[in-house]
Amino acid sequence: MQELVKEIEELKKERQAVILAHNYQQDVVQDIADLVGDSLELSRYAAKTEAKVIVLAGVRFMAESASILAPDKTVLLPDIFAGCPLAESIDVQELKREKEKYPDAAVVCYVNSSAEVKAESDICCTSSNAVKVVQSLPHRRILFVPDRNLASYVARFTDKEIIPWPGLCVTHYRVTLEELEEARAAHPQAKILVHPECRPEVTEAADFVGSTSAILKYARESDAQEFIIGTEMGILHRLEQENPGKKFYLLSPGLICPNMKLTTLSKIAQCLKEMRPVIKVPEDIRVRAYQALERMLEVA
Ligand code: 13P
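Scoring rules and cut-offs
- Residues numbered from 1 in each chain as written.
- Predicted model: local features only at pLDDT ≥ 70, side-chain atom pairs only at ≥ 80, totals over all residues.
- Heavy atoms only, no water.
- UniProt positions renumbered as here; feature names shortened; annotations may be inferred.
- Helix = DSSP H or I, 4+ residues; strand = E, 2+ residues; numbered from the N terminus.
- Buried < 20%, exposed > 50% of the residue type's maximum accessible area, 1.4 Å probe, protein only.
- Contact = heavy atoms within 4.5 Å.
- Pairing = 2+ DSSP bridges.
- Axes fitted to C-alpha atoms, helices over the stretch in contact; angles between N-to-C directions.
- Near = heavy atom within 4 Å.
- Polar contact = N/O pair within 3.5 Å; in protein donor to acceptor, adjacent residues only side chain to side chain.
- Areas by Shrake-Rupley, 256 points an atom, 1.4 Å probe, with all protein chains shown as cover.
- Nonpolar A, V, L, I, M, F, W, Y, C, P; charged D, E, K, R; others polar.
- Domains from an automatic or database assignment.
- Salt bridge = Lys/Arg side-chain N within 4 Å of Asp/Glu carboxyl O.
- Buried area = accessible area lost by both parts, 1.4 Å probe.

K.L.:
How do you make sense of the UniProt feature "binding site: [4Fe-4S] cluster" (unreviewed entry) in the chain when you look at a structure like this?
P.N.:
UniProt records the feature "binding site: [4Fe-4S] cluster" (unreviewed entry) for Cys84, Cys169 and Cys257 in the present numbering. With the annotated positions falling across 174 residues, the maximum pairwise C-alpha distance of 9.3 Å places them together in a single cluster. One can find cysteine 169 in the loop between strand 8 (161-164) and helix 9 (170-173). The exposure class assigned to cysteine 169 is buried, which follows from its relative accessible area of 12%. Excluding residues within four positions of it along the chain, cysteine 169 makes contact with Leu86, Asp147 and Glu197.

Laid out in structure tokens, this is it:
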């Protein structure tokens, strides 16, 4: 493995590349990344990097966001099949039909969406700024796509009418209230930290709800010594690295995203060698999707 790491370091220099990894990536992938972060942090970094090549160790919509924000860079997705079923739960035709039903509504799309859907939306959001984004809009009605659980979480903090699309993240949906109660009974001192993609009854019962990086921040800053984690298991790597001595328990054994696990060190080396698969959003879609992402970055 050391040889592979060395090869990636050399290829990175040769290609003037950076590796951006999502908090759910395998430990070894996180360890070689220039930045490990949540969706918002990955977007911010992609928008400002001086590198020529961005390797996005994550899923397709993340690579598309990088391509939208940094059109002059080459964006590589190490495994072309690393998709996101939540992002794929709505296509642009479905969104257009939904917009016709609610002509007075603003469209807020979660970053877990295709570039085409972003292009058809007024503004984008991530799990770390969804409430702020919705509150920044003058509209009374908000079409919120595609995650119904994040939509219902946002609805708790606003008087606006939130009209959700019925998409969901299958990984977070697996977590049940029963599991949460069992985990609380097993570790009564532990704080329960969950992602807003979890079911409403789970987010209501948790001690903290936030994006992956907000969960990391909470654990770093908390005086508690034990935590029950309700998001994808890849986050345990940073939680344990950043908090020696604190204990972390996964809320459900089902918290594993197969798409996030498709990225491997050898695929990263290969994509840097071959300079593919490239993710390039067509310019007519990119310029409109850029506006939705740029508006979000301004609000956030
Ligand atoms: P974060 O923005 O919280 O990292 O979430 C991304 C994601 O896809 C959660 O499933």
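K.L.:
Looking at this structure, I do not really get the sheet that holds strand 11 (residues 226-230). What am I missing?
P.N.:
Sheet strands associate in pairs through backbone hydrogen bonding, adopting either a parallel or an antiparallel arrangement. With parallel pairing, the four strands of this open sheet are ordered in space as 10-9-11-12. The open sheet has two edge strands, strand 10 (208-209) and strand 12 (247-250), and neither has a second partner. Sheet topology note: the strand 11/strand 12 ladder contains four bridges and is parallel. Bridge pairing in strand 12 links glutamate 226 to lysine 247. In this fold helix 13 (residues 235-242) packs onto strand 11 and strand 12, with an angle of close to 170 degrees to the strand it touches most, strand 12.

K.L.:
Got a minute to help me understand the site of the ligand in this structure?
P.N.:
Near the ligand, the surroundings consist of His22, Tyr24, Asp38, Ser39, Asn112, Ser127, His172, His195, Glu197, Ser211 and Thr212. Here asparagine 112 contributes a side-chain N or O atom positioned 3.0 Å from an oxygen atom of the ligand. At 2.9 Å, a side-chain N or O of glutamate 197 approaches an oxygen atom of the ligand. Relative to its free-state accessible area of 300 Å², the ligand is covered by the protein chains to the extent of 96%. In terms of residue class, the shell around the ligand is built from one nonpolar, eight polar and two charged. Two domains each provide a minimum of three residues to the shell around the ligand, namely domain 1 (2-83 + 260-281) and domain 3 (175-250).

K.L.:
In this structure, what is going on with the UniProt feature "binding site: iminosuccinate" (unreviewed entry) in the chain? I would like to understand it.
P.N.:
Here, UniProt's "binding site: iminosuccinate" (unreviewed entry) annotation points to His22, Ser39, Tyr110, Val111, Asn112, Ser127, His195, Pro196, Glu197 and Thr212. Inspection of the secondary structure assignment puts histidine 195 in the loop between strand 9 (191-194) and helix 11 (200-205). The buried category is assigned to histidine 195, whose relative accessible area is 3%. Aside from chain neighbours lying at most four places away, what touches histidine 195 is Tyr24, Tyr110, Ser127, His172, Thr203, Val209, Gly210, Ser211, Thr212, Ile215, Gly230 and Thr231. One can find proline 196 in the loop between strand 9 and helix 11. Once residues within four sequence positions are removed from consideration, proline 196 is found in contact with Ser127, Asp147, Asn149, Leu150, Tyr153, Thr203, Val209, Gly210 and Ser211.

K.L.:
I keep staring at the pattern of salt bridges and nothing clicks. Help me out?
P.N.:
Close approach of charged atoms allows side chains with opposite charge to pair. Scanning the entire structure with this criterion turns up 21 salt bridges. Glutamate 10 serves as the salt-bridge partner of lysine 6, at 3.8 Å between the closest nitrogen and oxygen. In this pair, lysine 6 and glutamate 10 are both assigned in helix 1 (residues 2-15), four residues apart and thus about one turn of the helix distant. Using a relative accessible area of 55% as the deciding quantity, one classes lysine 6 as exposed. For glutamate 10, a relative accessible area of 45% corresponds to the partly exposed category.

K.L.:
Can you walk me through the domain arrangement of the chain in this structure?
P.N.:
By a frequent convention, interface size equals the accessible area lost on bringing the separate parts together. By domain assignment, the chain separates into domain 1 (2-83 + 260-281), domain 2 (87-168 + 288-299) and domain 3 (175-250). Inter-centroid distance (C-alpha atoms) of domain 1 to domain 2 is 26 Å. Between domain 1 and domain 2, the buried area comes to about 1100 Å², and carbon and sulfur atoms account for 72% of it. Counting the surface domain 1 buries against domain 2, the share from its top three residues, Leu40, Phe61 and Ile68, is 47%. Across the domain 1-domain 2 interface, the total number found is zero salt bridges. If you look at where domain 1 meets domain 2, you find one residue pair in polar contact (both at pLDDT 80 or more). Looking at the side of domain 1 that touches domain 2, the elements with two or more residues in it are helix 3 (39-48) and helix 4 (60-69). If one sorts the elements of the side of domain 1 that touches domain 2 by residue count, helix 4 sits on top with five residues. For the side of domain 1 that touches domain 2, the residue count by class is five nonpolar, three polar and three charged.

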